[in-house]
Every structure is written in C-alpha cells, then in structure tokens.
Amino acid sequence: MLPSAGPSAGQPSARRFDLAIVGGGLAGASLAAALSTSPLSIALVESAPPPVRPEGWDARIYAVSPANAAFLGKIGAWEHLAHARIAPIAAMRVFGDLGGELGFSAFETGVSELGWILESSLIACELWEGIKRQANLTRFCPASPEALEIRPEAATLTLTGGERLSARLVVGADGRDSWVRAQTGLKAVTTCYGEKGVVANFTTEQPHRGIAWQWFREDGVLAYLPLPGERISIVWSTPDEHADALCALSPAALAERVAQAGGHVLGRLTTITPATAFPLRLIRVPEIVQHRLALVGDAGHGIHPLSGHGVNLGFQDARILAELLLKTPAWQDIGAERFLMRYARARKEEILLMQRTTDALRRLFRAGTLAFPLLRNAGLALANRVSPLKNLLARYALGAL
Ligand SMILES: Cc1cc2nc3c(=O)[nH]c(=O)nc-3n(C[C@H](O)[C@H](O)[C@H](O)COP(=O)(O)OP(=O)(O)OC[C@H]3O[C@@H](n4cnc5c(N)ncnc54)[C@H](O)[C@@H]3O)c2cc1C
C-alpha cells in the first residue's frame, strides 16, 4: 500500500491516493475512465470547471480514428454519444498546390469508415459524466496544484488552497504548456511554426457525402471536415498574419474566402460559428516518465494539426498506460521508474513516427515555400497510383501507422 506521506512541521497531512492525474482534458479524463474498474484510488485535479456543451456547434472538432473509437467504446464513452452529432468519414481527397491529387475511400481501404468527426465538448462531457459517478475517483475541480514534491516513496501535490495529496504515481495530463512537466526534469523541445490553426464551422450549399477534403496551398493547409447534415468544420493552418486576417473577416467574407480556397467544391458556404485561431507548435519530450511521474496527451507531445492526430495520440497514451496499470499486481510499485519505462517504450515509436511524418509533410508543403512544387504535386499523383504508398498514406490518415 501507499507509504505514509508524513507532513513536515506546520503542514497539513496529505490525503493518500494511488494515482493523481493533473488535467481532465480528453487524455486525462479518458485515462481516469479507463481505470474505473481498477482497485486503484484516483485523484483527478482539473483547474477548469467541468466541460459544458456550447449552444449550437462546437468550433473544436476532432477526427477520431477507428482505433480510438474502439477505445472510447471499451471505456463506455462512445455508445451514449449523440450519434446524430457524429459524422463518419467515407473518403478523403487531398490536393497539392499545382493540381496533384490523392484520394482514398473507406471502401478501397477495406474499412467501414476512415474515422469519425465529432465535437470536442461532446466527448469531454460524456467522459466527465462517467467520471462523476466513478467510485474509485475523487475530483478536485476546479483546483490547481502549486507545488509538486517527488520523494523516493511518494509524490505530493499541494493545491492552491493548501490541501495536500500524496500518490504513488502522478500523471501530467495538463496539456501542451504542462505545469507538471515544468516542475520536473522532463525537458520539452518546442518548435514554433509561426502558424495558427483557424477553426470555424459552416453550412454548405451542396452535400459533402462524408468526404474530408484537404488542400496544401501556398498559404497553408486547409481541411474541410464533414459534420452531420450539410455542415462542415474547417482547420486552416496558416501563417500568423494570415490567420489573424481570417479571424478579423466578417462571417460572410470568411465564408466566401473559405469557399474560394476550396474551389467551391461544396458550393456556397455560410458561417455558423465564428473563426478562432490556435498557435501551432511541435513539442518533443524525449522522456515522458521519471520516478513517480508519467506524461500523457499533449503534455508529452505536440504535433501539427494537419494530420488531425493530436488527440488520437493522447487517447492511445491513456489506453496503453491504463492497460499496464490494470494488469499490475497489487505489490507492484506503480510509480517506480523501471515500471513506468514499459509505458514510455510502448509509446515512443508511434509518437516519434507521427511527429516525424507530420512534420515532414508540413515542411514539404510549407506555406510560401515553392522549393519543391513539382516534386510534391507529382508525389501526390504518384502516391495516388501506387497502391502500397497509397495504403501507407491511408493508414497514416487513419492514425494506424
Ligand atoms: C487548431 C487545432 C486543431 C486541432 N485539431 C485536431 C484534430 O482534428 N484531431 C486531433 O486529434 N487533434 C487535434 N488537435 C489537437 C488536440 O486539440 C489536442 O491534442 C488535445 O486537445 C490534447 O488533449 P489533452 O487532454 O492532452 O490536453 P488538453 O486538451 O490541453 O487538456 C489539458 C487539461 O488540463 C487542464 N490543466 C491545464 N493546466 C492545469 C493545471 N496546472 N492544473 C490542473 N489542470 C490543468 C486544462 O484545463 C485542460 O482541461 C488540434 C489542435 C489545434 C490547436
């Protein structure tokens, strides 16, 4: 069992848990939910109030891979989702800036859909509904830690109100600017892309037929993602200045600009949620564990959103760490570095591969770089004709490299 976390003079004694998760975003919340049947006692510390559904449509949309839909199903967070709010992806069409084209469909790839598009808050609220009822979990929300002390036998978090929590393992699931990571020796190498991801939702004049579109343009990468009905969501990764200019447009002007950039493939667009922009960064964290500590989700890696895999990597972190913890005998010290290295080893390859592939694609098609226009457009056309390469790209799109 957890050794005593005795108070120093004048400090209140710490409440003891086996596991403390800092951050209840999609990575942290799915980890907690995946451990609902484990005997571990869990503390979840989240600085923001529990998620709520916005009026209308959420501007933050995710492409969830089939592997992660299965994971969400296993932890009970998929079947109760409002399926009328989820759009299956039937096909993808990718265009270069000189007309190169690559397309693949679920049918060709041998799956029933390439993935699903759904709103971030839809999954977040569903995960939190489960967490509220989870018997082995205590929520500290809204609450933030202000100190983390790592000792050989336990880690202790001190919350802003002075409450102390000790745990055999602390998991940092607190996003790309992770406070937990900053308290430890785990270094992050950050590359700012000088770009932002502009997101907004639109209704379309013509049906999208479940197709996700992506254009590698001189001014960045624009994706149309199908939403239920005649609606789409866009992510336009583009240099800061252009992103700010897009956000400053009137709804009508934005809709026309986005329709034009996509060659009016879906006819006229009408803006239904205003554009917002997020700065884009590549974050490499060479070590994601140390004694009594592990990182999941964006706290452990950040990638360019052109592939739409950020959240998929976070779900897989949660799945793999939870599987390891679930099959661990009670005598095992779950915070021992040697034990945690199994998690780090299991995640290393996929994270590195996704970061490298996405970064290479982004460099090849970098906004404003015309160094390889023929190569990249010819490359798309070639990939479209060569089955193994096309299958590889389809697997990349599915998050199953
Ligand atoms: C424009 C854009 C588009 C994207 N599109 C996609 C996409 O299509 N598909 C995809 O897979 N991914 C996408 N991503 C990436 C995706 O948003 C992230 O990968 C995902 O949200 C990471 O989840 P997380 O739980 O690790 O972190 P977060 O979502 O950042 O959650 C961290 C949580 O920790 C809490 N927290 C932070 N600090 C503290 C603290 N000190 N104490 C307590 N709690 C704390 C926060 O309140 C938050 O709830 C996109 C990202 C951007 C910027």
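Just so it is clear, the model here is predicted, and its values are computed rather than measured.

A. Region of interest: the site of the ligand. Surrounding the ligand, one finds 30 residues, the nearest of these being Glu46, Arg60, Tyr62, Asp298 and Val311. A distance of 3.1 Å separates a nitrogen atom of the ligand from a polar backbone atom of Ser47. Val311 has a polar backbone atom sitting 2.7 Å from an oxygen atom of the ligand. Summarising the interface, the protein chains cover 83% of the accessible area of the ligand, which totals 1,000 Å² for the free molecule. Mapped onto the shell around the ligand, the elements with two or more residues apiece are α1 (26-34), β3 (61-64), β12 (189-204) and α8 (310-326).

B. A look at the packing of aromatic side chains. Applying the stated criterion across every chain yields a total of seven aromatic pairs. Judged by centre distance (6.1 Å) and plane angle (10 degrees), the ring pair of Phe95 and Trp213 falls under stacked. One end of the pair, Phe95, is in strand β5 (residues 91-95); the other, Trp213, is in strand β13 (residues 211-217), and 118 residues separate them in sequence. One exposure class covers both Phe95 and Trp213, and it is buried. Through successive ring pairs, a cluster of aromatic residues spans Phe95, Trp213, Trp215 and Tyr224. The lysine or arginine in question, Arg60, covers the ring of Phe278, its NZ or CZ lying 4.1 Å from the ring centre.

C. Seen up close, the pattern of salt bridges. In total, this model carries 17 salt bridges according to the counting rule given. Residue Asp244 pairs with Lys196 through a salt bridge whose shortest N-O separation is 2.7 Å. Of this pair, Asp244 sits in helix α6 (residues 240-248) while Lys196 sits in strand β12, placing them 48 residues apart in sequence. Accessibility expressed as a relative area gives 39% for Asp244, which makes it partly exposed. Here Lys196 falls in the buried class, since its relative accessible area comes to 19%. The network of salt bridges with common partners includes Arg53, Arg85 and Glu119.

D. Fine view of the pairing of β13. β13 sits mainly inside the fold: six of its seven residues count as buried. As paired strands, β5 and β13 are joined by five bridges and run parallel to one another. Residue pairing for β13: Ala91 is matched across the bridge by Ile211. By the bridge criterion, five bridges tie β13 to strand β14 (residues 220-227) in an arrangement that is antiparallel. The residue of β14 that forms the bridge with Trp215 is Leu222. Between β13 and β14, which pair antiparallel and follow one another directly, the connecting turn spans two residues.

E. Representation of the environment of Pro226 within the structure. Mapped onto the elements, Pro226 comes out in strand β14. As a C-alpha pair, Pro226 and Ile211 span 15 residues in sequence and 6.4 Å in three-dimensional space. Those residues in contact with Pro226, other than ones at most four positions away along the chain, are Ala87, Pro88, Ile117, His208, Gly210, Ile211, Ala212, Arg231 and Ile232.

F. Broad picture of the sheet that holds strand β7 (residues 115-119). An order of β3-β7-β4 is seen for the three strands of this open sheet, with the pairing classed as antiparallel. Each having just a single partner strand, β3 and β4 (87-89) make up the two edges of the open sheet. Looking at each pair of strands side by side, their axes are set apart by 25 degrees on average, direction ignored. Examined bridge by bridge, β4 and β7 share three bridges and lie antiparallel to one another. Bridge pairing in β7 links Ala87 to Ile117. On the sheet, helix α2 (residues 66-74) packs against β3 and β7 and is oriented at approximately 100 degrees with respect to β3. Relative to β7, helix α4 (residues 120-132) is tilted by about 80 degrees, and along the sheet it contacts β3 and β7.

Thresholds, definitions, all that
- Residues numbered from 1 in each chain as written.
- Predicted model: local features only at pLDDT ≥ 70, side-chain atom pairs only at ≥ 80, totals over all residues.
- Heavy atoms only, no water.
- Near = heavy atom within 4 Å.
- Polar contact = N/O pair within 3.5 Å; in protein donor to acceptor, adjacent residues only side chain to side chain.
- Areas by Shrake-Rupley, 256 points an atom, 1.4 Å probe, with all protein chains shown as cover.
- Helix = DSSP H or I, 4+ residues; strand = E, 2+ residues; numbered from the N terminus.
- Phe/Tyr/Trp six-rings, centres within 6.5 Å; stacked < 30°, edge-to-face > 60°.
- Buried < 20%, exposed > 50% of the residue type's maximum accessible area, 1.4 Å probe, protein only.
- Lys NZ or Arg CZ within 6 Å of the ring centre and 35° of its normal.
- Salt bridge = Lys/Arg side-chain N within 4 Å of Asp/Glu carboxyl O.
- Pairing = 2+ DSSP bridges.
- Contact = heavy atoms within 4.5 Å.
- Axes fitted to C-alpha atoms, helices over the stretch in contact; angles between N-to-C directions.

The values are spatial; any link to function lies outside them.
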